[in-house]
Amino acid sequence: MRLLPKEELTALMEVRAQPCISVYLPTEGRGDPNQQNPLRFKNQIKVAEQQLESLGFKPHKARALLQPALELDTSDFWQYQSDGLAIFVAPDFFCYYRLPHRFAAQVVVSDHPYIKPLLPLLTNDGPFYILALSQRQVRLLEGDRYSVHEIHLEDMPLSLSEALRYDEPEQKQFQYRTGTPAAAPEAQPGVFHGQGMVTEDHKEELERFFHQVNAGLHDYLREKKVPLVLAGVEYLLPIYRAANTYPHLIPESLTGNPDDRKPFALHEQVWPLVAPIFAQAQQRALEQYEQRLGSGSASGNLEEIVSGAYFSRVQTLFVPIETERWGVFDAEANRTHLHAQPEPGDHDLLDLAALHTLRNGGEVYVVPAIPDFAPLAAIFRY
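Because the structure is predicted, anything quoted here is derived from the model rather than measured.

A. Looking closely at the sheet that holds strand β6 (residues 138-143). Strands sit in the order β7-β6-β5-β10-β11 across an open sheet of 5 strands; the sheet is mixed. Two strands in the sheet have a free side with no partner beyond their single neighbour: β7 (148-151) and β11 (249-255). Taken over all neighbouring pairs, the strand axes of this sheet differ in orientation by 25 degrees on average, direction set aside. Alignment of strand β10 (residues 228-232) against β11, held across 4 bridges, turns out to be parallel.

If you want it as C-alpha cells, here you go:
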C-alpha cells in the first residue's frame, strides 16, 4: 500500500496543467472474486473520456492522455489494493495512490489535481513522535494516523553502553554489578538491571544516559509543537521525564519493553494515546470560529472564503467533505461565479479553497457540517 506523504501532497498541489484528470474509486482490498476493481476502473476511465470530449478533445486524444492510467489495468496491479485508489493524470504527469480510505467514485477534469477527497487522510492525523527507550536501544519514530517510520539522529546515543562509553571511559560494567566481595559475611548476589530493580549507582547512569538522549533530541525537536510519546519499561519512564526538556511530551506513555516491537506495532498501540489530542485541536478551532464569527475575522460566506484562501488570508478552514459548490473564481477581478450544475472549466470551490489554504500554510479540518448551514467556514489571519 502506497501512502500519501505530506511532501508528495505538497508536490501534487503544485501541479498546474490543462487538462488535469483526477480519478477516485473504492477498491476491494483482499480478494475480489467478482472483479469489481477493474470494472469500476473501466467505468471511471469512460467517464474521464467523456469529460475530456465535452471539453473539445477528440476521442483518440482523450485516450492518449489517459494511456498511463490505462496501463495500470493488469491482474498484478489489482492483486494488491487498499480501500481506495486515487489516480492523477496530466500531460507529462502521472501518479497514483492506494490509500486506506474508501472514496466515492468520482472523476474531475480541471487545471489542477482535485484534492478534496484526500482531506480525511490529512486532518486529525498527526504528526507525532514515539521515543522508544530501553537500556539496549533508543529509537525515535515519526508517525501519523496511517504510517510510521524511524528517524536516525547522529547526536543521540542509541544505547546505555554507548552513552557511558563517551561519558565515562573508565566506568564499571553496568549490565551486571556485583555486590560486596564474596568473602564478606553480608555478601549479596548481583543485581541484574532491566528487571525493575535500580541501584543508586545505576540510576545515576540512567540519568546521564537520558540527559544525553534529551540533548540529542533537542536540536531536532526544538522548533516543533508535535506530541511526543514515551514507550518503555515502566521504571525507566519517570527517570527520562525528569531529564526531558521538550514541552510537548504527553503525560500518557506506552509501557513494556519496546525492543521486540516493530514500528507498526508501536504505532498501533500509540495512536489511541494521541488521537484525542488532534480531535481536541479541531474542537478548539471550531470554538474559536464561533467566538470570532461576526467580528470580521471569521466567515461562513463562500465567496469571501474562496477569495481569502487564494490571497493567503485563511488561517483555518473547515470543509464538509460531502458538500460541493461548483463555479469559477476570477482572481483578477476577485469575484466568484457560482453555477447550479458543474459546467466545463468549473472548479469545486470547496476544493479550491482547501488547495490554496494548504498551499499557503493554513490548517484544513474535515467536519460533518458547518454551523448555520454554511457551505464551509474559515478563520482569517487578518
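B. Inspection of a negative patch on the surface at higher detail. A cluster of acidic residues, Glu200, Asp201, Glu204 and Glu207, forms a negative patch at the surface. Topologically, Asp201 is positioned in helix α7 (residues 200-221).

C. Fine view of the nonpolar core. If you look at the biggest cluster of nonpolar residues, it comprises 42 residues, and the most contacted ones within it are Leu131, Leu140, Phe210, Val213 and Leu217. Sequence-distant contacts of Val213, defined by excluding residues within four places in its chain, comprise Leu131, Leu133, Val138, Met156, Pro157 and Tyr240. One finds Phe41, Leu66, Ala69 and Ile87 within the second-largest nonpolar core, a separate group that totals 20 residues.

D. Fine view of helix α1 (residues 6-13). Within α1 the residues assigned to the buried category are Leu9, Leu12 and Met13. For α1, the angular spread of the buried residues around the axis is 95 degrees, confining them to a single face. As for α1, its buried residues are in contact with β2 (84-90), β3 (93-99) and α11 (349-359).

E. Quick peek at the packing of helix α10 (residues 302-310) against α11. Taken N-terminus to C-terminus, the directions of α10 and α11 make an angle of 30 degrees; their axes are 8 Å apart at the nearest point. In terms of orientation, α10 lies roughly parallel with respect to α11. Judged by the twist between their axes, the crossing of α10 over α11 is left-handed. On α11, the residues that touch Leu302, Ile305, Val306, Ala309 and Tyr310 of α10 are Leu349, Leu350, Leu352, Ala353, His356 and Thr357. A per-class count over the contact of α10 with α11 returns 9 nonpolar, 2 polar and no charged.

Calculation notes
- Residues numbered from 1 in each chain as written.
- Predicted model: local features only at pLDDT ≥ 70, side-chain atom pairs only at ≥ 80, totals over all residues.
- Heavy atoms only, no water.
- Pairing = 2+ DSSP bridges.
- Helix = DSSP H or I, 4+ residues; strand = E, 2+ residues; numbered from the N terminus.
- Axes fitted to C-alpha atoms, helices over the stretch in contact; angles between N-to-C directions.
- Patch = residues over 30% accessible without salt bridge, like charges linked within 9 Å, V, L, I, M, F, W, Y side chains within 5 Å.
- Areas by Shrake-Rupley, 256 points an atom, 1.4 Å probe, with all protein chains shown as cover.
- Salt bridge = Lys/Arg side-chain N within 4 Å of Asp/Glu carboxyl O.
- Lys, Arg positive; Asp, Glu negative; His and termini not counted.
- Charge placed at Lys NZ, Arg CZ, Asp CG, Glu CD.
- Core = buried A, V, L, I, M, F, W, Y, C linked by side-chain atoms within 4.5 Å.
- Buried < 20%, exposed > 50% of the residue type's maximum accessible area, 1.4 Å probe, protein only.
- Contact = heavy atoms within 4.5 Å.
- Arc of directions from axis to C-beta.
- Parallel < 35°, antiparallel > 145°, perpendicular 65-115°, else oblique.
- Left-handed = near helix turned anticlockwise from the far one by under 90°.
- Nonpolar A, V, L, I, M, F, W, Y, C, P; charged D, E, K, R; others polar.

Geometric descriptors of this kind do not, in isolation, establish any biological role.
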